[in-house]
Amino acid sequence: MGRKLLTEHINVEGIHTFDVYRKHGGYASVEKALKTMSPEEVVEEVKASGLRGRGGAGFPTGMKWSFLAKPEGKPRYLVCNADESEPGTFKDRYLMEKLPHLLIEGMITSSYALGARTSYIYIRGELLYVLRILEKAIAEAYANGFLGENILGSGYSLDLHVHPGGGAYICGEETALLESLEGKRGNPRNKPPFPAVWGLYGCPTVVNNVESIATVPWIITNTAAEYAKFGIGRSAGTKLISAGGNINKPGVYEIELGVPVEEFIYSDEYCGGIWKGRDMKAVIAGGSSVPILPKELILKTAAGEDRLMTYESLSDGGFATGTMLGSGGFFVMDDQTCIVRHTWTLARFYHHESCGQCSPCREGTGWMEKVLHRIEHGHGHMHDIDLLVSVAKQIEGNTICPLGDAAAWPVAAAVRHFREEFEWHVKHPQAATAPGAVFNKAESVLA
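Residues numbered from 1 in each chain as written. Predicted model: local features only at pLDDT ≥ 70, side-chain atom pairs only at ≥ 80, totals over all residues. Heavy atoms only, no water.

Take the overall build of the protein chain next. Helices and strands together make up the secondary structure of the protein chain, namely 19 helices and 11 strands. Its C-alpha atoms give the protein chain a radius of gyration of 23 Å, near enough to 22 Å, the size a compact globule of 447 residues would have. For the protein chain, the C-alpha atoms occupy an extent of roughly 75 × 45 × 40 Å along the three principal directions. Evaluated residue by residue, the protein chain yields a buried proportion of 56% over its 447 residues. The long-range fraction of contacts in the protein chain, counting pairs at least 24 apart against all pairs at least 6 apart in sequence, stands at 68%. Per element, the accessible surface of the protein chain, about 17,900 Å² overall, is 52% carbon and sulfur. In the protein chain, which carries 44 positive and 52 negative side-chain charges, the distance between the mean positions of the two groups comes to 2 Å. (Helix = DSSP H or I, 4+ residues; strand = E, 2+ residues; numbered from the N terminus. Rg over C-alpha atoms; globule rule 2.2 N^0.38 Å. Buried < 20%, exposed > 50% of the residue type's maximum accessible area, 1.4 Å probe, protein only. Contact = heavy atoms within 4.5 Å. Areas by Shrake-Rupley, 256 points an atom, 1.4 Å probe, with all protein chains shown as cover. Lys, Arg positive; Asp, Glu negative; His and termini not counted. Charge placed at Lys NZ, Arg CZ, Asp CG, Glu CD.)

This part covers the sheet that holds strand β7 (residues 238–245). Strand order in the open sheet formed by 5 strands is β8-β7-β11-β9-β10, and the pairing between neighbours is mixed. For this open sheet the edge positions go to β8 (251–256) and β10 (293–294), each flanked by a neighbour on one side alone. In the packing of helix α5 (residues 91–98) onto the sheet, the strands contacted are β7 and β8, and the crossing angle to β7 comes to about 115 degrees. (Pairing = 2+ DSSP bridges. Axes fitted to C-alpha atoms, helices over the stretch in contact; angles between N-to-C directions.)

This paragraph deals with the nonpolar core. In terms of nonpolar packing, the biggest core is built from 62 residues, with Y27, W65, L103, I104, I108, I121 and I123 touching the most fellow members. Top contributing element to this core by residue count: helix α6 (residues 100–114), with 8 residues. Excluding anything up to four places from it in sequence, I121 contacts C80, A82, L103, M107, L134, L160, H161, V162 and H163. Core analysis: the next-biggest nonpolar cluster, separate from the first, contains 50 residues, Y120, L346, A347 and L403 among them. (Core = buried A, V, L, I, M, F, W, Y, C linked by side-chain atoms within 4.5 Å.)

Those residues of helix α2 (residues 28–36) that fall on the buried side of the exposure criterion are S29, V30, A33 and L34. Viewed along the axis of α2, the buried residues span an arc of 115 degrees, placing them on a single side of the element. Along α2, exposed side chains directed more than 90 degrees from the buried face belong to K35 and T36. (Arc of directions from axis to C-beta.)

Turning to its location among the elements, V210 is positioned in helix α9 (residues 210–222). What makes V210 buried here is its relative accessible area of 0%. Sequence spacing of V210 and M96 is 114 residues, and the spatial spacing of their C-alpha atoms is 8.1 Å. Aside from chain neighbours lying at most four places away, what touches V210 is C80, N81, A82, D92, L95, M96 and L103.

Another point: the packing of helix α3 (residues 39–49) against α9. The geometry of α3 relative to α9 is characterised by a closest axis approach of 10 Å and an angle of 100 degrees between their N-to-C directions. Considering their axes alone, α3 and α9 lie roughly perpendicular with respect to each other. Where α3 approaches α9, its residues V42, E45, V46 and S49 are matched on the opposing element by V216, I219 and I220. For the contact of α3 with α9, the residue count by class is 5 nonpolar, 1 polar and 1 charged. (Parallel < 35°, antiparallel > 145°, perpendicular 65-115°, else oblique. Nonpolar A, V, L, I, M, F, W, Y, C, P; charged D, E, K, R; others polar.)

Right, let's talk about the sheet that holds strand β2 (residues 118–123) for a bit. Across the sheet, which stays open at both edges, the 4 strands sit in the order β3-β2-β1-β4 with parallel pairing between neighbours. Every other strand in the sheet has two partners, leaving β3 (159–164) and β4 (205–209) as the edge strands with one partner each. Recorded for the sheet is a direction-independent mean angle of 20 degrees between the axes of neighbouring strands. Relative to β2, strand β1 (residues 77–82) runs parallel, the two being bridged by 6 bridges. Within β2, the residue paired with N81 across the bridge is Y122.

Right, let's get into the domain arrangement of the protein chain. Per the domain assignment, the segments making up the protein chain are domain 1 (18–229), domain 2 (233–334) and domain 3 (339–438). Counting residues at the interface gives 17 residues for domain 2 and 13 residues for domain 3. For domain 2, the biggest contributors to the area lost against domain 3 are K281, I292 and F319; these three give 40% of the whole. Applying the counting criterion to the domain 2 and domain 3 interface returns 4 residue pairs in polar contact (both at pLDDT 80 or more). Of the residues contributing to the side of domain 2 that touches domain 3, the split by class is 13 nonpolar, 3 polar and 1 charged. (Domains from an automatic or database assignment. Buried area = accessible area lost by both parts, 1.4 Å probe. Polar contact = N/O pair within 3.5 Å; in protein donor to acceptor, adjacent residues only side chain to side chain.)

Moving on to a nonpolar patch on the surface. A cluster of nonpolar side chains, contributed by F59, M63 and F67, occupies part of the molecular surface with about 280 Å² of accessible area. Within the secondary structure layout, F59 lies in the loop between α3 and α4 (61–66). Note on F59: relative accessible area 38%, which makes it partly exposed. (Patch = residues over 30% accessible without salt bridge, like charges linked within 9 Å, V, L, I, M, F, W, Y side chains within 5 Å. Salt bridge = Lys/Arg side-chain N within 4 Å of Asp/Glu carboxyl O.)

The next subject is the packing of aromatic side chains. Considering all chains together, one arrives at 19 aromatic pairs under this definition. Centre to centre, the rings of F18 and F146 are 5.8 Å apart; their planes meet at 50 degrees, and the pair counts as tilted. Taken together, the residues span a long stretch of sequence, with F18 in helix α1 (residues 18–23) and F146 in the loop between α7 (128–143) and β3 at a distance of 128 residues. You can call F146 buried: its relative accessible area is 3%. Here the aromatic residues F18, Y21, Y27 and F146 are joined through ring pairs into a cluster of three or more. The ring of W275 has K276 lying over it, and the distance from NZ or CZ to the ring centre is 4.4 Å. The ring of W344 carries the charged tip of R348 above its face, separated from the ring centre by 4.8 Å. (Phe/Tyr/Trp six-rings, centres within 6.5 Å; stacked < 30°, edge-to-face > 60°. Lys NZ or Arg CZ within 6 Å of the ring centre and 35° of its normal.)

This brings us to unusual backbone geometry. Most peptide bonds take the trans configuration, and most residues that are not glycine carry a negative phi. A cis amide bond links K191 with the next residue in sequence, P192, at an omega value of 0 degrees. Tracing the chain through its elements places P192 in the loop between α8 (174–181) and β4. Cis geometry is adopted by the peptide bond preceding P193, which originates at P192 and carries an omega value of 0 degrees. The phi dihedral of T223 is positive, around 85 degrees, even though this residue is not glycine. Along the chain, the position of T223 falls in the loop between α9 and α10 (224–227). On the accessibility criterion, T223 (28% relative accessible area) is partly exposed.

Structural data, given as structure tokens:
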């Protein structure tokens, strides 16, 4: 395995406590930043590192920070998006549960860089046990002079709060999160204005993912130049991957970006191969909202090159033959998986989680769920398959926030790469709905 930057000490006994975390170099970035660097220097260091947002979009973190408006007389805020509601993704929960002080250290250093005096961690409502862990760690940080007034005698002060959401997927979208944090219904806002100009309480705000913020301490302590040595090209550093599905060793893995997908899936150091000795059928590489890829396209690009665990390699070929790294929710499906049923399950989720603000998403997600239900349960028609593609196209790009795209992409990709399986469900409804039925591409009969 490559070197661990975030999780190096994650298995140290008591690492969730302040004293043990401090003994292992914790809060060194706060000391360095507050005592030897200006806020602008911290921003430039993060920018130079090549760190990209780890929540899904992959936008350069330092560049996002540099967009923050600095009007006179208005406070600035840093909000950590710890909502993590993307199906198949559980890395942030793991990080907060095991290394709460790493996130808090990142919040302090990042808040200093942005000139924020009050910052928030917005956590998924179902993770109340993690909220308690964070609150205890924050209390320890206050008690030891790393939060509150005049931190380390530097003149810089910061208050940090944890706020639980209500369990809505839509609140993972940054403006819906801000609406919820303000006590309103979590509906996405029209943009512009962007949060960097008009965010929390109408003030300049940066919203970053847990993993993004937790990476900042290593960069500041060890320098951007050292961080940039990890990874490949524009995919710098390491990435936490939530590996699940039909694999022998599910869990959270910190990988150096650039590891071949085939190695990640089949190596004993990572996923350990497909369970029960079965063949791999498909992979969702970046959380439920990214396009699914069949085995031949997840291991190799359309040009025949090895597919790598990087932003660029996974997206090679566009949506026609590629996908996205996204949030790092890596879900593997074996040859016994029904793609139609899987796609219907995702459609049900997105229909349920749509906030209903935009007509294409509100109506379209419901239509896709109904049509997929019809096909999966033996009542589909051949024209339903093209109807799914048509509805997905009408949703994509026509909503305020990306939830519409997140609902449309999995359906369109499933039909694109597994159309024969959808057709089999329509042509052979009795066989497709029989217990244990599996589509066999070679024979189009029960396996």
